[in-house]
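The chain contents come next:
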Amino acid sequence: MTQIKQIPTGAIQENCYIIYNDHSALIVDPGDDAPLIQQVISDLDVTPKAIIITHAHYDHIGAVDTIRKTYQIPVYIDPIEADWLTDPTLNLSGLARHDDMNNVITAPAEFDLNHYDTYTIGDMTFKVVPTPGHSPGSVSFIFDDFVVCGDALFSGSVGRTDLPFGDSKALLTSIQEELFTLPDDMYAYPGHGPKTTIGKEKTTNPFFN
Ligand SMILES: [Zn+2]
């Protein structure tokens, strides 16, 4: 059974996730605090196989290069935001108010995440669905009984759309078409804050009720 561990990182508490089976692991959005992420990986006694990125805002990618070098693993991203990894203007780190995040640049990603494709990496399988709106290349990762949804859907809220390239109409459509069509009892793990369920957000999220 695939399991998930949430690790809030950095000044704005971005959620990195370790998704793991018996021995192998995927790392989602290593945003900051690489030593903390490495400690959790060590405690879980799992071997990272890849980094997968929900979107390339700086708070989600600040520890990508340290983690990828430590474990010698590739990075996967939606090609729409591939060049955000190498550009502080696009990933917004040029605007960051936290000194240690002012110029986030990572090496280019090794692989694309293609919409609606299913990926098997190590012994973990997930499907990529597009959830644009917070940013144009935002994607969510659907595993057996949970979805990792980046900054699209939060517990009781949705991602902000006032940043460059944000699109509030696209965001609400993404959530309704790609996330609210998932089973009600499916857990949703957002890029900030606590986990929730699809059913709870469908019935109580103020953006839809
Ligand atoms: Zn973001």
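Residues numbered from 1 in each chain as written. Predicted model: local features only at pLDDT ≥ 70, side-chain atom pairs only at ≥ 80, totals over all residues. Heavy atoms only, no water.

K.L.:
Give a description of the coordination of the zinc ion that names residues and reports values.
P.N.:
Within the protein, the atoms that donate to the zinc ion are H55 (NE2), H57 (ND1), H134 (NE2) and D151 (OD), at distances of 2.1 to 2.7 Å. Around the zinc ion sit four donor atoms, and with donor-metal-donor angles ranging over 86 to 173° the site reads as irregular. Spacing between the donor residues of the zinc ion along their common chain follows H-x1-H-x76-H-x16-D. One end of the pair, H57, is in the loop between β4 (47-52) and α2 (58-61); the other, D151, is in the loop between β10 (146-150) and β11 (153-154), with 94 residues separating them in the sequence. D151 matches H57 in its accessibility class, with the two residues each being buried. (Donors = N, O, S within 2.8 Å, 3.2 Å for Na, K, Ca; no water. Tetrahedral: all angles 85-135°; square planar, octahedral: opposite > 155°, others 65-115°. Helix = DSSP H or I, 4+ residues; strand = E, 2+ residues; numbered from the N terminus. Buried < 20%, exposed > 50% of the residue type's maximum accessible area, 1.4 Å probe, protein only.)

K.L.:
For the pattern of salt bridges, give the residues involved together with the corresponding values.
P.N.:
Overall, the coordinates contain four salt bridges when judged by the stated rule. The residue R68 makes a salt bridge to D65 at a minimum N-O spacing of 2.6 Å. Of this pair, R68 and D65 both sit in helix α3 (residues 64-71), three residues apart, which is roughly one turn of that helix. Here the two residues R68 and D65 agree in accessibility, since each one is buried. Here D184 ties to K202 by a salt bridge, and the two come within 2.9 Å at their closest N and O atoms. Residue D184 is found in the loop between α4 (168-179) and β13 (187-190), and its partner K202 is found in helix α5 (residues 198-204); the two are separated by 18 residues along the sequence. What makes K202 partly exposed here is its relative accessible area of 31%. Through salt bridges with shared partners, a single network forms among D65, R68 and E110. (Salt bridge = Lys/Arg side-chain N within 4 Å of Asp/Glu carboxyl O.)

K.L.:
An account of unusual backbone geometry is requested, with residue identities and associated values reported.
P.N.:
Here the phi dihedral of Q72 falls at roughly 55°; this positive angle occurs in a residue that is not glycine. Secondary-structure assignment places Q72 in the loop between α3 and β5 (75-77).

K.L.:
Mind laying out α4, listing which residues take part and the relevant values?
P.N.:
Over its twelve residues, α4 extends 16 Å from the first C-alpha to the last, a length consistent with the 16 Å expected when each residue adds 1.5 Å. Among the residues of α4, L171, S174, I175, E178 and L179 are the ones counted as buried. One side of α4 holds all its buried residues, which, seen down the axis, span an arc of 105°. α4 presents K169 and E177 as exposed residues on the side facing more than 90 degrees away from its buried surface. The inward-facing, buried residues of α4 abut β8 (124-130), β9 (139-142), β10, β11, β12 (157-158) and α5. With a side-chain oxygen positioned 3.2 Å from the backbone nitrogen of K169, the residue opening α4 is D167. (Expected span 1.5 Å × (residues − 1). Arc of directions from axis to C-beta. Contact = heavy atoms within 4.5 Å. Polar contact = N/O pair within 3.5 Å; in protein donor to acceptor, adjacent residues only side chain to side chain.)

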